[in-house]
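Remarks on the overall topology
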Amino acid sequence: HRQPIIAIDGPAGAGKSTVTRQIAEALGLLYLDTGAMYRAVTWLVLQSGIEIDDQPAIAEIVSQCQIELIPDGEQPRTVINSQDVTEAIRSLEVTANVSAIASQGAVRQALVKKQQAFGRQGGIVAEGRDIGTTVFPDAELKIFLTASVQERAKRRLLELHAKGQTDITQEQLEQDIAQRDHLDSNRAISPLRKAVDAVEIQTDNLTIDDVIQRAVSLYRETI
Ligand code: C5P
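Scope of this entry: the structure provided in the associated data block. (Residues numbered from 1 in each chain as written. Predicted model: local features only at pLDDT ≥ 70, side-chain atom pairs only at ≥ 80, totals over all residues.)

**A look at the site of the ligand**
Around the ligand sit 13 residues, and of these Gly-35, Tyr-38, Ala-102, Gly-128 and Arg-129 come closest. The set of elements that each furnish at least two residues to the shell around the ligand consists of α2 (34-48), α4 (92-102) and α8 (170-186). With four residues, the top contributor of residues to the shell around the ligand is α2. Taken together, the residues of the shell around the ligand break down into four nonpolar, four polar and five charged. (Near = placed C-beta within 6 Å. Helix = DSSP H or I, 4+ residues; strand = E, 2+ residues; numbered from the N terminus. Nonpolar A, V, L, I, M, F, W, Y, C, P; charged D, E, K, R; others polar.)

**A word on unusual backbone geometry**
Positive phi, normally seen in glycine, also occurs at Asn-81, with a value near 45 degrees. By secondary structure assignment, the location of Asn-81 is in the loop between β4 (77-80) and β5 (83-84). Residue classification places Asn-81 among the partly exposed positions, given that 14 C-beta atoms sit within 10 Å. Its identity as a non-glycine residue notwithstanding, Ser-82 has a phi of 70 degrees, on the positive side. Relative to the elements of secondary structure, Ser-82 occurs in the loop between β4 and β5. (Buried ≥ 20, exposed ≤ 12 C-beta atoms within 10 Å, placed from the backbone.)

**Overview of α8**
Taking 1.5 Å of rise per residue, 17 residues should cover 24 Å, and α8 covers 24 Å from first to last C-alpha, within 8% of that figure. Where α8 is concerned, the buried positions are Leu-173, Ile-177 and Asp-184. Taken end-on, α8 shows its buried residues confined to a sector of 35 degrees, consistent with a single buried face. Of the exposed residues in α8, those oriented more than 90 degrees away from the buried face are Glu-171, Gln-172, His-182 and Asn-186. (Expected span 1.5 Å × (residues − 1). Arc of directions from axis to C-beta.)

**Describing the pairing of strand β3 (residues 67-70)**
Across the two faces of β3 the burial differs, with Ile-67 and Leu-69 buried and Glu-68 and Ile-70 not buried at all. Pairing analysis gives four bridges linking β3 to β4, with the strands arranged antiparallel. Within β4, the position partnered with Ile-70 by the bridge is Arg-77. A loop of six residues connects β3 with β4, the two strands running antiparallel in sequence, and Gly-73 in this loop sits at a positive phi of about 65 degrees. (Pairing = 2+ DSSP bridges.)

**Section: the environment of Ile-58**
Tracing the sequence through the fold places Ile-58 in helix α3 (residues 55-64). Residue class for Ile-58 comes out buried when judged on the 23 C-beta atoms lying within 10 Å of it. As a C-alpha pair, Ile-58 and Ile-101 span 43 residues in sequence and 8.4 Å in three-dimensional space. If we skip the residues at most four places from it in the chain, Ile-58 touches Val-45, Ile-50, Ile-101, Gln-104, Ala-106 and Val-107. (Contact = placed C-beta atoms within 7 Å.)

Set out below in structure tokens:
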């Protein structure tokens, strides 16, 4: 039998990445960032000059590509076709196009397969939109992490300010986040949904540490 799996789903900006990384570290589990895989494919499509609605060409690209997620301390590296795209996949351009690519059936099929292969032995904490519903429906612990649009935009603004990027407003960020929520929640295949057996944590008034503690104690109760 495999080792346990924790599934962490939720909308953009709810703090999934930070929380998932720290849970992995606290519990000694491998960290699987499935968003990074959708972003890497999006980067490759943009790079190759293919139109983002050219589904057959994208299906071809995704079936041929090699994605590696390489553990590297705090920030695992994302490598596609031997190119390190860890920083590039966080660009505004990739972020603006990723939901359109992630809605395509062939893309989801190929990436879900890779994700399931990664988790075959268990011992992982995976974050995304459809982990508890589609990728690992038998995960021992499922957490659905949420926060209001305003709170998520506020956190993102602080992050951008910390990086010296001050040319974007809270209102713009609220619009971007609401738009991505809408696309992710309304697509036909594996939309963003709370699994029936997931525990929802609303994080507006919680610190990262509060959330980690909550998740770690849920894990200890479950396993
Ligand atoms: O989590 P992150 O914001 O990096 O994910 C980027 C995008 O990838 C999401 O907005 C969504 O469109 C897509 N995604 C997905 N399924 C996942 C993970 C991410 O559709 N499991």
